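Chain and residue survey
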Amino acid sequence: MFEEGESLWDFHRGRELEEADKASATEIGVLKKMSKLLRQSKWRPSSRANYNAWFRTWLEFCKVNGYRPMPAKPESIFMFLTWITMYYAVGTVMMAYSALVAIHRLNGHKNPVRHSLAVEDMLKAVSQVGIVGSRMPKCIVDTSFMLKVVEWFVDKYPVFDRKVFDPKVAGRGFIEMRGVGLMVVGIELGVRPSSLVALTLCCWQQRRDNTVGVQVDLMKNGKNGEVFCPVLDYMKGSFAENGSAISFMNEYLLPWIDEFGPEFNPKRCTKKSHRTAHCLHCPKLFPVLGGEGRSNKAVRVDEVSDVVKRWAVRIGRDKAKYSAVSLRRGSTSIAAAKGVSKKIRQSHGGWKSKRMLQVYTELSTSKEKAVSKAIHRAMKKSRECKAKKVQFRI
């Protein structure tokens, strides 16, 4: 089975290993262990944990039915998939199937059902008639939502006051500032929450025209060594006037990092030698507070969801309908409503396929009613021009 948890290869993704972790050419035992971990890093830690859990279920199924777990026969896998299809949604069934194939591969066995027409038909049947998940897509964070966030924050904190935002002083000044930062940067970037919380100061790259390129490192579907850098537009005026991410960073978060952030040496920035790797030395843009008020540890991914839900409650909306993904969906949906092309939205959000872009995009109310409106207009015109018959070729 897979090694669960983050290995050295996972932790140093895109970077060179520490000298203490390297092995010499004669340390065959260490090389053997490292080669095993290296191979398993093909799968992400979360995937490895899920695959192990489903393989344990498969082992129990084989035990009670007298099947050989590995290498498995197509007939036994067919029975296993039929059983779990009765209780689980389509996506879960596909994950269980992937787990069996992956662990067979890990142990030197070929895909046990590669040439099985029965299992091939079975998987297509599961997609067509299997249980559909009941989770509804989360509502988007729209412009009216963000406008209320900006107005509330600016009304309470019109300027950056070091006494108010001092992490050693009791109060929620810094927590609320960090939360608004996650909101305004998240809605303009439109990236995954895991990528948002991992941003460091060196990711925030000011350009000559005052725009900012935000380098998002090692996103979920990005290739190792591939640069992904969405650009944020610059608007004149203060954060109170434009509500932009650049204005917020310049007026609040960057001054806070200068004042209270951890001490660091820019020369040690990881990006100087490994451009697309997560930097371990530069300050996090959205840090948690340490014992002395200074910390270079990023907030948890679920903190983004907590922030969105807190703001939903504050402005009178149902928090159950919002989560961190509301920022990502809101970003591309607002852009779509304003006529930004699919190609640009796909590039900005980092999607590999147009299908996923469509999944995350919510149509504006006017576009949702476009077909119905067109029919109404046609009927109205026909009613006004009864003398002129409108005919269609059959």
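Right above here is the structure, for reference.
What you are looking at is a predicted structure, and each value in this text was computed from that prediction instead of being measured.

**Let's talk about the overall build of the chain**
Counting its regular elements, the chain contains 18 helices and three strands. In terms of overall dimensions, the chain has C-alpha extents of about 85 × 70 × 40 Å along its principal axes. Taking all 394 residues of the chain together, 39% fall into the buried category. For the chain, the accessible surface area stands at approximately 23,500 Å², while carbon and sulfur atoms represent 54% of it.

**Quick word on unusual backbone geometry**
For residues other than glycine, phi is negative in most cases, and the peptide bonds are mostly trans. M70 connects to P71 through a cis peptide bond whose omega is -10 degrees. Considering the arrangement of structural elements, one finds P71 in the loop between helix 3 (45–65) and helix 4 (74–85). Look at N210: it is not a glycine, yet its phi comes out positive at around 75 degrees. Within the element layout of this structure, N210 appears in the loop between strand 1 (204–206) and strand 2 (212–214).

**So, the sheet that holds strand 2**
Sheets are built from strands paired through backbone hydrogen bonds, the pairs being either parallel or antiparallel. If you trace the three strands from one edge of the open sheet to the other, you get 1-2-3, paired in antiparallel fashion. With one partner strand each, in any of the chains shown, strand 1 and strand 3 (231–232) form the two edges of the open sheet. The pairing of strand 1 with strand 2 spans three bridges and is classified as antiparallel. The residue of strand 2 that forms the bridge with Q205 is G213. This element, helix 12 (residues 245–260), spans strand 1, strand 2 and strand 3 of the sheet and lies at about 110 degrees to strand 1.

**Quick word on the pattern of salt bridges**
This model, assessed by the stated rule, comprises 13 salt bridges. Residues E16 and K22 are paired through a salt bridge, measuring 2.4 Å at the closest nitrogen-oxygen approach. Residue classification places E16 among the partly exposed residues on the basis of a relative accessible area of 46%. Where E19 meets K22, a salt bridge forms, and the shortest distance between an N and an O atom there is 3.1 Å. A relative accessible area of 32% places K22 in the partly exposed class.

**Focus on the packing of helix 7 (residues 143–156) against helix 13 (residues 302–314)**
The geometry of helix 7 relative to helix 13 is characterised by a closest axis approach of 10 Å and an angle of 85 degrees between their N-to-C directions. Relative to helix 13, helix 7 is oriented roughly perpendicular. Between helix 7 and helix 13, the residues in contact are F145, V149 and W152 and V308, W311, A312 and R314, respectively. When its residues are assigned to classes, the contact of helix 7 with helix 13 shows six nonpolar, no polar and one charged.

**With respect to the side chain of Q346**
As for its position among the elements, Q346 is in helix 15 (residues 342–349). By relative accessible area, Q346 is classed as buried at 15%. Excluding anything up to four places from it in sequence, Q346 contacts W351, K352, S353, K354 and L357.

**What about the packing of aromatic side chains?**
Within this structure, the stated rule accounts for 24 aromatic pairs. Measuring from ring centre to ring centre gives 5.5 Å for F160 and F165, while their planes differ by 10 degrees; the resulting arrangement is stacked. Given the relative accessible area of 23%, F160 is considered partly exposed. Taken together, the aromatic side chains of F153, Y157, F160, F165, F239, F248 and Y252 make up a single cluster linked through ring pairs. One Lys or Arg, R314, reaches over the ring of W152 and ends 4.1 Å from the middle of that ring. One cation-aromatic arrangement involves R314 over W311; the distance from NZ or CZ to the ring centre is 4.6 Å.

**A short note on a positive patch on the surface**
A cluster of basic residues, R39, K42, R105, K110 and R114, forms a positive patch at the surface. Locating R105 in the fold gives a position in helix 5 (residues 90–106).

**Section: the environment of P255**
Examined against the element boundaries, P255 turns out to sit in helix 12. Along the sequence, P255 and F160 sit 95 residues apart, while their C-alpha atoms lie 7.9 Å from each other. Setting aside anything within four residues of it in sequence, one finds P255 in contact with F160, M249 and N250.

**So, the environment of D306**
Among the structural elements, D306 can be located in helix 13. In the structure, D306 is positioned 52 residues away from L254 in sequence and 23 Å away in space, judged by C-alpha atoms.

**Here we look at helix 15**
Within helix 15 the residues assigned to the buried category are R345, Q346 and G349. Considered in projection along helix 15, the buried side chains sweep an arc of 100 degrees and stay on one side of the axis. In helix 15, the exposed positions that point more than 90 degrees away from the buried face belong to K343, I344 and S347. Looking at the buried side of helix 15, the elements it contacts are helix 14 (325–337) and helix 16 (354–360). Just beyond helix 15, the residue with positive phi is G350, at close to 80 degrees.

**Overview of a nonpolar patch on the surface**
There is a patch of nonpolar side chains on the surface, built from W83, M86, Y87 and Y88 and spanning about 480 Å² of accessible area. Its location among the elements puts Y88 in the loop between helix 4 and helix 5. The exposure class of Y88 is partly exposed, given its relative accessible area of 39%.

What counts and how
Residues numbered from 1 in each chain as written. Predicted model: local features only at pLDDT ≥ 70, side-chain atom pairs only at ≥ 80, totals over all residues. Heavy atoms only, no water. Helix = DSSP H or I, 4+ residues; strand = E, 2+ residues; numbered from the N terminus. Buried < 20%, exposed > 50% of the residue type's maximum accessible area, 1.4 Å probe, protein only. Areas by Shrake-Rupley, 256 points an atom, 1.4 Å probe, with all protein chains shown as cover. Pairing = 2+ DSSP bridges. Contact = heavy atoms within 4.5 Å. Axes fitted to C-alpha atoms, helices over the stretch in contact; angles between N-to-C directions. Salt bridge = Lys/Arg side-chain N within 4 Å of Asp/Glu carboxyl O. Parallel < 35°, antiparallel > 145°, perpendicular 65-115°, else oblique. Nonpolar A, V, L, I, M, F, W, Y, C, P; charged D, E, K, R; others polar. Phe/Tyr/Trp six-rings, centres within 6.5 Å; stacked < 30°, edge-to-face > 60°. Lys NZ or Arg CZ within 6 Å of the ring centre and 35° of its normal. Patch = residues over 30% accessible without salt bridge, like charges linked within 9 Å, V, L, I, M, F, W, Y side chains within 5 Å. Lys, Arg positive; Asp, Glu negative; His and termini not counted. Charge placed at Lys NZ, Arg CZ, Asp CG, Glu CD. Arc of directions from axis to C-beta.

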